[in-house]
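In case you want the letters, here they are:
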Amino acid sequence: MKYIRSVNGPIAENAYIVYDELSKIAGIIDPGFIELSELADKIEEYQLNLKYIINTHGHWDHIKNNYFIKSKYNCLVLIHKQDEHFIQKPENMNTYYFDGEILPVKADDYLIDGEEIAFGKSLLKILHTPGHTRGSVILYNDELAFTGDTLFYGSIGRCDFPTGNKDVMIDTLEKIKRVLPANAIILPGHGVQESRFQEELVTNPFLTGKMKPR
Ligand SMILES: [Zn+2]
Ligand SMILES: [Zn+2]
């Protein structure tokens, strides 16, 4: 599976176009503020068939362009059920750092812990990782892990927004340690430094236990 990172918006959110090289089936993970022209250029350049919009969670910086991309490409919007309220009623988020308009969309399907999203023969597995929000997920395979705002390079997401919970995050971090493949490249929702999970396990203070979620 290949990925293309695109950094956009007022708080530098990472959108990722992911695709299977053979079938050209593609998805976009967290299409916050990515320019539609940039997305169209990549789709044309790599001859992609954009099938999915995947939200790691429902915060505005990750979902803003859901509506426009779904309208243009008629792709399926996927999110965990417990974060669906964010995309159905984005105006509920206007209290935290963004007061622009976001058009609502419905989920076409839910991201369920332990299930997989198929891109031809490539797969992304779904790991439910509540803590930053109740419906946060990580999408991963043996090579890549799209960690949203759950796990960053050397850090983790904050737990003090609505539906966040630092005690739940402690359990999530233990789950992540059990499940994520050591060799997977960590591809978070913010920040462009790259690391493999095995490096995070020994350097990330929230994974080593030196620091606690807050
Ligand atoms: Zn977030
Ligand atoms: Zn974010």
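What you are looking at is a predicted structure, and each value in this text was computed from that prediction instead of being measured. (Residues numbered from 1 in each chain as written. Chains lettered and ligands numbered in written order. Predicted model: local features only at pLDDT ≥ 70, side-chain atom pairs only at ≥ 80, totals over all residues. Heavy atoms only, no water.)

So, the coordination of the zinc ion (ligand 2)
- Looking at the zinc ion (ligand 2), one finds its protein donor set to be D61 (OD), H62 (NE2), D149 (OD) and H190 (NE2), positioned 2.1 to 2.2 Å from the metal centre.
- Classification of the site at the zinc ion (ligand 2) rests on its four donor atoms, whose angles at the metal span 87 to 157°, yielding the label irregular.
- Considered as a linear motif, the donors of the zinc ion (ligand 2) on their single chain read D-H-x86-D-x40-H.
- Taken as a pair, the zinc ion (ligand 2) and the zinc ion (ligand 1) show a spacing of 3.5 Å, with D149 coordinating each metal. On the criterion of sequence distance, the pair formed by D61 in helix 2 (residues 60-63) and H190 in the loop between strand 13 (185-188) and strand 14 (195-196) is long-range, its members being 129 residues apart.
- Under the relative-accessibility criterion, D61 is labelled buried at 4%.
- Note on H190: relative accessible area 18%, which makes it buried. (Donors = N, O, S within 2.8 Å, 3.2 Å for Na, K, Ca; no water. Tetrahedral: all angles 85-135°; square planar, octahedral: opposite > 155°, others 65-115°. Helix = DSSP H or I, 4+ residues; strand = E, 2+ residues; numbered from the N terminus. Buried < 20%, exposed > 50% of the residue type's maximum accessible area, 1.4 Å probe, protein only.)

A few points about the pattern of salt bridges
- Taken as a whole and assessed by the stated rule, the structure comprises five salt bridges.
- For the salt bridge of D113 with K175, the shortest nitrogen-to-oxygen distance reads 3.1 Å. Of this pair, D113 sits in the loop between strand 6 (109-110) and strand 7 (116-119) while K175 sits in helix 5 (residues 166-179), placing them 62 residues apart in sequence.
- The exposure class of D113 is partly exposed, given its relative accessible area of 38%.
- Among the ionic pairs, D160 bridges to R158, the shortest N-O distance being 2.7 Å.
- Exposure remark for R158: the relative accessible area of 37% places this residue in the partly exposed category. (Salt bridge = Lys/Arg side-chain N within 4 Å of Asp/Glu carboxyl O.)

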